[in-house]
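Below are the chains, spelled out letter by letter.
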Amino acid sequence: MTKNSGAILWNKAKKIIPGGNQLLSKRSEMFLPNLWPSYFKKAKGCEVWDLDGRKYYDFASMGIGSCVLGYANDQIDEAVIWAIKKGSMSTLNSYEEVSLAENLIDLHPWADMVRFARTGGEACAIATRIGRSASGKDKVLFCGYHGWHDWYLSSNISEAGNLDGHLLPGLEPKGVPRSLKGSAIPFYYNDVESFLSALSENQNEVGVVIMEPQREVPPNENFLKVIREETSKAGIVLIFDEVTSGFRINNGGIHITHGVNPDIAVFGKALGNGYPISAVIGSRFVMNAAQDSFISSTFWTERIGFTAANTTLSFIVENNVTDKLIHFGEK
């Protein structure tokens, strides 16, 4: 390699953008410092071209898990281009929002209502807010990675290593109000005792349990079932964070495969095949609590995300995408 324009640009970016970019998982230092191409000029299928025209095959994570249908999928892009030409924003609402809600409910018969956002982290924050509103209690028990917002990072105020076992170790809670100390409490995957202990120690204050139903390994036989039973008995809202796991093993949330339904499920990443869209689905009783809290944003209403997601869901179902993903994963 006689030239690496990406590495040169990355060093410039770090001087004018804190951290160099907007996502920890794309920082060059996590891969090959001073040699990583860092930037792409073009991406199609599983191929990526850097700023110097070199072509690579992406055997990593396909846009941090967002592009399960391949980069620049023709069918998704054509639908998005149509939406852009018709106008992506208006004072009125996008009708595609209603059809996307119906599609998600059809795939998850236990759910009755849906709210939308554009990123996984904010969708988890929305779900947690709704859960607290519905339960009337403040404390959150969590297991897994749920984004960058204050409610989650506050766990590391109580103990610096609280988040270390949940995907990204060493996360600093600087800037998070110290008054949130003790409001988010970890338990650990496939460790029923850690869950029961955390629940017992905070029994009358826990309003929400949010967790990833699966990441690297499947749950032990009774892990999810015990959590479902205990949260139901205590009137605690159970949230499954499926931002990463959704639409990979089946045509919906991975919880369907495990036969355990939450009160709320959160989706993102694969839902729009690279276009920003996330969803919070849930039972009517719990989701109606969203009306008791202010949850609102201008760009949650733009048309592109809804259009991309509707087309992505149709493509996944019509082309048996999840069967192919399982096949490739096993290989």
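Residues numbered from 1 in each chain as written. Predicted model: local features only at pLDDT ≥ 70, side-chain atom pairs only at ≥ 80, totals over all residues. Heavy atoms only, no water.

## Details of the overall build of the protein
Part 1 of the reasoning: Counting its secondary structure elements, the protein contains 13 helices and ten strands.
Part 2 of the reasoning: The C-alpha radius of gyration computed for the protein amounts to 20 Å, which stays within 12% of the reference 20 Å derived for 331 residues, consistent with globular compactness.
Part 3 of the reasoning: In terms of overall dimensions, the protein has C-alpha extents of about 60 × 45 × 45 Å along its principal axes.
Part 4 of the reasoning: The buried share of the protein, reckoned over its 331 residues, is 47%.
Part 5 of the reasoning: Across the protein, the fraction of contacts at a sequence separation of at least 24, relative to all contacts at a separation of at least 6, is 69%.
Part 6 of the reasoning: A total accessible area of about 16,900 Å² is found for the protein, and carbon and sulfur atoms account for 55% of it. (Helix = DSSP H or I, 4+ residues; strand = E, 2+ residues; numbered from the N terminus. Rg over C-alpha atoms; globule rule 2.2 N^0.38 Å. Buried < 20%, exposed > 50% of the residue type's maximum accessible area, 1.4 Å probe, protein only. Contact = heavy atoms within 4.5 Å. Areas by Shrake-Rupley, 256 points an atom, 1.4 Å probe, with all protein chains shown as cover.)

## A closer look at the sheet that holds strand β6 (residues 184–186)
Part 1 of the reasoning: Strand order in this open sheet of seven strands is β4-β10-β9-β8-β7-β5-β6, and the pairing throughout is mixed. For this open sheet the edge positions go to β4 (113–117) and β6, each flanked by a neighbour on one side alone. For this sheet, the mean inter-axis angle between neighbouring strands, taken without regard to orientation, is 20°.
Part 2 of the reasoning: Sheet analysis places strand β5 (residues 139–143) next to β6, joined by three bridges and oriented parallel. Each residue of the ladder has a partner; that of Val140, found in β6, is Ala184.
Part 3 of the reasoning: Each of β4, β5, β7 (206–211), β8 (237–242), β9 (264–267) and β10 (278–282) is contacted by helix α5 (residues 120–135), which is oriented at about 150° to β7, the strand it contacts most. (Pairing = 2+ DSSP bridges. Axes fitted to C-alpha atoms, helices over the stretch in contact; angles between N-to-C directions.)

## Observations concerning the packing of helix α4 (residues 96–107) against helix α12 (residues 303–318)
Part 1 of the reasoning: Axis separation between α4 and α12 bottoms out at 9 Å; the angle between their running directions is 35°. Once α4 is placed against α12, the crossing between them reads as left-handed. Residues Glu96, Glu97, Ser99, Leu100, Asn103, Leu104 and Leu107 of α4 touch α12, and the partners they reach there are Arg303, Phe306, Thr307, Ala309, Asn310 and Leu313.
Part 2 of the reasoning: Here the contact of α4 with α12 is composed, by residue class, of six nonpolar, four polar and three charged. (Left-handed = near helix turned anticlockwise from the far one by under 90°. Nonpolar A, V, L, I, M, F, W, Y, C, P; charged D, E, K, R; others polar.)

## Notes on the sheet that holds strand β3 (residues 55–57)
Part 1 of the reasoning: An order of β1-β2-β3 is seen for the three strands of this open sheet, with the pairing classed as antiparallel. The sheet is open, and its two borders are formed by β1 (40–44) and β3, each paired with just one other strand. Strand-to-strand, the axes of this sheet are offset by a mean angle of 25°, without reference to chain direction.
Part 2 of the reasoning: Across four bridges, β1 lies against strand β2 (residues 47–50) in antiparallel orientation.

## Topic: the pairing of β9
Two faces belong to every sheet, and in a regular strand the side chains alternate between them.
Part 1 of the reasoning: Of the two faces of β9, the one lined by Ile264 and Val266 and the one lined by Ala265 and Phe267 are each fully buried.
Part 2 of the reasoning: Both β8 and β9 contribute to a ladder of four bridges, which runs parallel. Bridging across to β9, Ile239 finds its partner in Ile264.
Part 3 of the reasoning: Bridging between β9 and β10 involves four bridges; their strand directions are antiparallel. Looking at β10, one finds that Ile264 is bridged to Gly282.

## Comments concerning the packing of helix α8 (residues 192–201) against helix α9 (residues 223–234)
Part 1 of the reasoning: At a minimum axis distance of 10 Å, the contact between α8 and α9 shows a crossing angle of 15°. The orientation of α8 with respect to α9, classified from their angle, is roughly parallel. Considering the relative orientation of α8 and α9, their crossing is right-handed. Contacts between α8 and α9 involve Val192, Phe195, Leu196 and Leu199 from the first element and Phe223, Val226, Ile227, Glu230 and Thr231 from the second.
Part 2 of the reasoning: Classifying every residue of the contact of α8 with α9 by side-chain character gives seven nonpolar, one polar and one charged. (Parallel < 35°, antiparallel > 145°, perpendicular 65-115°, else oblique.)

## A short note on a nonpolar patch on the surface
Part 1 of the reasoning: On the surface, a cluster of nonpolar side chains totalling about 540 Å² of accessible area is made up of Leu24, Met30, Phe31, Leu32, Leu35 and Trp36.
Part 2 of the reasoning: Structurally, the position occupied by Leu24 is in the loop between α1 (5–16) and β1. (Patch = residues over 30% accessible without salt bridge, like charges linked within 9 Å, V, L, I, M, F, W, Y side chains within 5 Å. Salt bridge = Lys/Arg side-chain N within 4 Å of Asp/Glu carboxyl O.)

## Here we look at the pattern of salt bridges
Part 1 of the reasoning: As enumerated under the stated definition, the model contains eleven salt bridges in all.
Part 2 of the reasoning: A salt bridge links Glu302 to Arg118; its shortest N-O distance comes to 2.8 Å. Note that Glu302 is positioned in the loop between α11 (284–287) and α12 and Arg118 in the loop between β4 and α5, a separation of 184 residues in sequence. Arg118 matches Glu302 in its accessibility class, with the two residues each being buried.

In short, shape yes, function no, at least from these values alone.
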